[in-house]
Amino acid sequence: MSDWSSKNPYKAELTENYCLTTEYSNKETRHFSVALGDSGLEYKAGDALAIIPHNPPELVADLLALLGFSGDEAVETHLGEQEVGHALLHTYEIHRLNKKFIKGLEPKFDSSARPVDVRLVGRSRAAVSSGEAIQQWHWSGEDEDFPADFHPVGGALDPSYTLWSSLVEDDEAMENYIWSRDYIDLLGDFPHLLFTPLEFVSGLDRLKPRLYSIASSPDAHPGIVELTVAIVRYEHHDRARGGLCTVYLADHTELNTPDIPVFMSPTRSFVLPEDGDVDIIMVGPGTGIAPFRAYLEQREIDGAKGHNWLFFGDRTEKGEFLYREQLQHWLKTGHLTQLDLAWSREPDKPKVYVQHLMQKHAAEIWVWIESGAYFYVCGDKNYMAKDVHQTLIDIVEEYGEMSADDAKQFVEVGMMKEEKRYLRDVY
Ligand SMILES: Cc1cc2nc3c(=O)[nH]c(=O)nc-3n(C[C@H](O)[C@H](O)[C@H](O)COP(=O)(O)OP(=O)(O)OC[C@H]3O[C@@H](n4cnc5c(N)ncnc54)[C@H](O)[C@@H]3O)c2cc1C
Ligand SMILES: NC(=O)c1ccc[n+]([C@@H]2O[C@H](COP(=O)([O-])OP(=O)(O)OC[C@H]3O[C@@H](n4cnc5c(N)ncnc54)[C@H](OP(=O)(O)O)[C@@H]3O)[C@@H](O)[C@H]2O)c1
């Protein structure tokens, strides 16, 4: 065992980074292998790996330029004193706005606390796309010396004040605003607001580690953790943006370089049955396949005799059949008793989701459940897991010949709480 943690992560090496989705896909789901080296880190099938990413360096550079900071200014953070450039790279989340930051701008619109009070001594702003200087300004030492475009804020004619008020007074407007913007957009919308380095960082969210369900068995891949990661990329206001950790893993890591901060996030509940003879049903569309690949590898190595039934799905067979060869191999050898594939965006075909296939095989699922099978779900929490949950209750109701209330009780209390054989890893 080891004591690597969020405060003391192990610097692991990425040894593989490739796309699982094909040229026919407009998603980008990647397979990563992370070498645990001499860390002493151990895991079991079902555990997750925590990764502490950093922000994209070019985003930090653009932000420093817009704020007029050199990057060397010292700021006090929850992790102690840091240079602001380092803090923006490693300590805070800067890729998406938070409400607290926007609400905290209030004193800046108060005429008694005009920005000159912060004694800003220089400001340079550059175009984000071209890097071309938009403004270079240095304080002359005179109290009334302001940047050329500076005028006192907070007055009735100040459009940025009007925007700010509309956000803080309307929660929906605030949500919509922060959904598609980051601090670079904010500085563009509020060009007159000036910040000291400390003022700026104190409103930011702390950078949080991200968890990834491990897609490998430690016995099949000693010393290695494998991950299945959907890279989050999108475009708003003519700028490419993305998820902090997924873009970090996909674009900002070097192979075979020990610089990925990680620690283990073990699970106590999302585990294989101790008895290898017990059957398992796994429902894992998209990246939800990850822990089930680990389970299948583990049960194969253990020689577990229980049957394995997997429901997987994604958009198209040609584009997103993740781990196709391995799954088909297991089907051929009989290690996978049954593999049901739900493709949701096949051209000219109706949308099929995993729960539709569960419905199709409802009678058989009930037979498995009645004889003690474990039922696992992994993947999207907001829609898929809820629909799968309801489908399971419906199956129990119909084939177990129970009332709706009894079926709910059977699933939510019996299987889930008492027998702990309905297990979920959803996010
Ligand atoms: C136990 C657990 C296991 C997990 N396992 C896996 C796994 O195996 N594989 C995997 O891929 N993920 C997994 N996740 C999710 C993972 O932890 C991250 O949440 C995910 O990768 C996104 O992280 P990110 O830092 O790239 O995105 P973030 O920077 O955190 O951004 C994600 C957010 O971006 C926002 N967003 C998305 N699209 C848009 C858009 N078009 N416009 C504006 N905003 C948008 C959404 O609000 C979304 O919540 C798991 C999570 C948990 C809790
Ligand atoms: N921004 C991006 O580029 C992007 C792209 C993909 C995923 N993501 C995010 O990344 C995370 C992980 O994505 P993922 O690759 O694991 O897969 P996912 O996006 O959750 O989708 C996997 C499969 O589940 C289907 N699905 C959607 N709603 C469902 C429901 N109610 N019941 C059952 N199945 C349902 C999807 O179909 P349909 O999609 O056809 O409805 C798809 O076939 C998700 O949180 C997702 O929001 C972001």
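Every residue gets a number counted from 1 within its own chain, in the order that chain's sequence is written. The order in which chains are written sets their letters, starting at A; the order in which ligands are written sets their numbers, starting at 1. Thresholds applied to this predicted model are a pLDDT of at least 70 for local features of residues and 80 or more for the giving and counting of side-chain atom pairs; totals over whole chains, interfaces and linings are not thresholded and use all residues. Excluding hydrogens and water, the side-chain values take into account all heavy atoms of the structure.

1. Topic: the site of ligand 2
We define proximity as follows: a residue is near a molecule or strand when any one of its heavy atoms falls within 4 Å of that partner. Surveying the vicinity of ligand 2 reveals 16 residues, the closest of which are Lys27, Thr287, Ser344, Arg345 and Tyr353. Under the rule applied, a polar contact is a pair of N or O atoms within 3.5 Å (in protein, one hydrogen donor and one hydrogen acceptor; residues adjacent in sequence only if both atoms are side-chain atoms). The contact in question runs from a nitrogen atom of ligand 2 to an N or O atom on the side chain of Gln355, over 3.0 Å. Note that a nitrogen atom of ligand 2 is positioned 2.9 Å from one of the side-chain N or O atoms of Asp387. Here, Shrake-Rupley sampling with a 1.4 Å probe gives the accessible areas, and only protein chains in the shown set may cover a residue. Within the complex, the protein chains bury 74% of what would otherwise be the 880 Å² of accessible surface of ligand 2. Residues are sorted three ways: Asp, Glu, Lys and Arg are charged, Ala, Val, Leu, Ile, Met, Phe, Trp, Tyr, Cys and Pro are nonpolar, and all the rest, Gly among them, are polar. Partitioned by chemical class, the residues of the shell around ligand 2 number four nonpolar, four polar and eight charged. An automatic or database domain assignment is the source of the domain bounds shown. Mapping the shell around ligand 2 onto the domain boundaries places at least three of its residues in each of domain 1 (10-52 + 209-265) and domain 3 (280-426).

2. Let's talk about helix 14 (residues 384-399)
Two residues of an α-helix separated by three or four positions point the same way, owing to the 3.6 residues in each turn. Strands here mean DSSP runs of E at least two residues long; helices mean DSSP runs of H or I at least four residues long; both are numbered from the N terminus. Here the expected span of a helix is defined as 1.5 Å times the quantity of residues minus one. With 16 residues, helix 14 ought to run about 22 Å at 1.5 Å a step, and its terminal C-alpha atoms sit 22 Å apart, in line with that. Among all positions in helix 14, only Met384, Ala385, Val388, His389, Thr391, Leu392, Ile393, Ile395 and Val396 are buried. If you follow the buried residues of helix 14, they end up packed against strand 15 (280-283), helix 12 (354-360), helix 13 (362-370), strand 18 (374-379), helix 15 (404-418) and strand 19 (422-426). Buried means the residue's accessible area, taken with a 1.4 Å probe over protein chains only, is under 20% of the maximum for its type, while exposed means over 50%, and partly exposed covers the values in between. For this analysis, residues touch if any pair of their heavy atoms sits within 4.5 Å.

3. Some details on the domain arrangement of the chain
For the chain, the assigned domains read domain 1 (10-52 + 209-265), domain 2 (57-206) and domain 3 (280-426). On the domain 2 side, the residues contacting the 10 residues of domain 1 number 13 residues. Note on definitions: buried area is the accessible-area loss of two parts on being combined, 1.4 Å probe, summed for both. The junction of domain 1 with domain 2 conceals about 840 Å² of combined surface from both sides, 42% of it contributed by carbon and sulfur atoms. By definition here, a salt bridge exists when the distance from a side-chain nitrogen of Lys or Arg to a carboxyl oxygen of Asp or Glu is within 4 Å. Linking domain 1 with domain 2 are four salt bridges, by the criterion used here. Among the salt bridges present, the one from Glu93 reaches Arg210, with a minimum N-O distance of 2.6 Å. At the surface where domain 1 touches domain 2, the tally comes to six residue pairs in polar contact (both at pLDDT 80 or more). Where the side of domain 1 that touches domain 2 is concerned, the elements lending two or more residues are strand 12 (233-236) and strand 13 (239-242).

4. Regarding the nonpolar core
Nonpolar side chains in soluble globular proteins tend to be buried together. Ranked by internal contacts, the top residues of the largest apolar core, which has 33 residues, are Leu63, Leu88, Ile102, Phe195, Phe200 and Leu204. The element best represented in this core is helix 1 (residues 57-67), accounting for six residues. Among residues more than four places away in sequence, those in contact with Phe200 are Leu63, Leu67, Phe69, Leu88, Phe101, Tyr183 and Phe195. To form a nonpolar core, buried Ala, Val, Leu, Ile, Met, Phe, Trp, Tyr and Cys residues must be joined to one another through side-chain atoms within 4.5 Å. Membership of the second largest hydrophobic core comes to 28 residues, among which are Phe270, Leu322, Tyr323 and Leu339.

5. Some words on the site of ligand 1
The immediate surroundings of ligand 1 are formed by 21 residues, with His95, Leu211, Tyr212, Cys245 and Thr246 found nearest. Here an oxygen atom of ligand 1 and a side-chain polar atom of His95 are 2.5 Å apart. Relative to its unbound accessible area of 990 Å², ligand 1 is 73% covered by the protein chains. Where the shell around ligand 1 is concerned, the elements lending two or more residues are strand 10 (210-213), strand 11 (224-230), strand 12 and helix 8 (244-251). The leading source of residues in the shell around ligand 1 is strand 10, at four residues. Looking at the shell around ligand 1 residue by residue, the class counts come to 11 nonpolar, seven polar and three charged.

6. Here's the deal with the sheet that holds strand 1 (residues 10-19)
With antiparallel pairing, six strands are arranged side by side in an open sheet as 10-3-14-1-2-11. Strands with a single pairing partner mark the edges of an open sheet, and in this sheet they are strand 10 and strand 11. Pairs of neighbouring strands in the sheet enclose a mean axial angle of 40°, with direction left out of account. Between any two strands, pairing holds if DSSP finds at least two bridges. The pairing of strand 1 with strand 2 (residues 29-35) spans six bridges and is classified as antiparallel. Residue pairing in the sheet places Asn17 in a bridge with Phe32 of strand 2. In this analysis an axis means a line fitted to C-alpha atoms, helices contributing only their contacting stretch, and an angle means the value between N-to-C directions, from 0 to 180 degrees. The strands touched by helix 8 within the sheet are strand 1, strand 2, strand 3 (48-51), strand 10, strand 11 and strand 14 (258-265), with strand 10 carrying the most contacts at an inclination of about 70°.

7. Comments concerning the sheet that holds strand 15
The strand order 17-16-15-18-19 describes an open sheet built from five strands, whose pairing is parallel. Only two strands of the sheet have a single partner each, and these edge strands are strand 17 (338-343) and strand 19. Neighbour-to-neighbour, the strand axes of this sheet turn through a mean angle of 10°, independent of strand direction. Pairing analysis gives four bridges linking strand 15 to strand 16 (residues 308-314), with the strands arranged parallel. If you follow Val283 over to strand 16, its bridge partner there is Phe311. Contacts from helix 9 (residues 290-302) reach strand 15, strand 16, strand 18 and strand 19, with the element oriented near 155° to strand 15. This element, helix 14, spans strand 15, strand 18 and strand 19 of the sheet and lies at about 160° to strand 18.

8. Concerning the packing of helix 1 against helix 2 (residues 84-91)
Two elements in contact, helix 1 and helix 2, have axes separated by 10 Å at closest approach and are oriented at 140°. Relative to helix 2, the element helix 1 is oriented oblique. In terms of crossing hand, the pair formed by helix 1 and helix 2 is right-handed. When helix 1 is examined against helix 2, the residues Pro57, Val60, Leu63 and Leu64 are found in contact with a partner set consisting of Val84, Gly85, Leu88 and Leu89. Taken together, the residues of the contact of helix 1 with helix 2 break down into seven nonpolar, one polar and no charged. Each angle gets one of four labels, with under 35 degrees taken as roughly parallel, over 145 as roughly antiparallel, 65 to 115 as roughly perpendicular, and the rest as oblique. Take the far helix as the reference: if the near one is turned anticlockwise from it by less than a right angle, the crossing is left-handed, and if turned clockwise, right-handed.

9. Quick look at the packing of aromatic side chains
Here the aromatic set is Phe, Tyr and Trp, taking the six-membered ring for Trp, and pairing holds for ring centres within 6.5 Å; pairs whose planes are under 30 degrees apart are stacked, those over 60 apart are edge-to-face, and all others are tilted. A full pass over the atoms with the stated rule returns 24 aromatic pairs. Here the aromatic rings of Phe109 and Phe190 are separated by 6.2 Å at their centres, their planes lie at 65°, and the arrangement is edge-to-face. You can see Phe109 sitting in the loop between helix 3 (99-103) and strand 7 (122-126) and its partner Phe190 sitting in the loop between helix 6 (183-189) and helix 7 (197-202), a full 81 residues away along the chain. Phe109 sits in the buried class, given a relative accessible area of 6%. Judged by relative accessible area, Phe190 falls into the buried class, the value being 1%. The ring centre of Phe195 lies 4.8 Å from the NZ or CZ of Lys108, which sits over that ring. Ring-over charges, as used throughout, are those where CZ of Arg or NZ of Lys falls within 6 Å of the ring centre and within 35 degrees of the ring normal.

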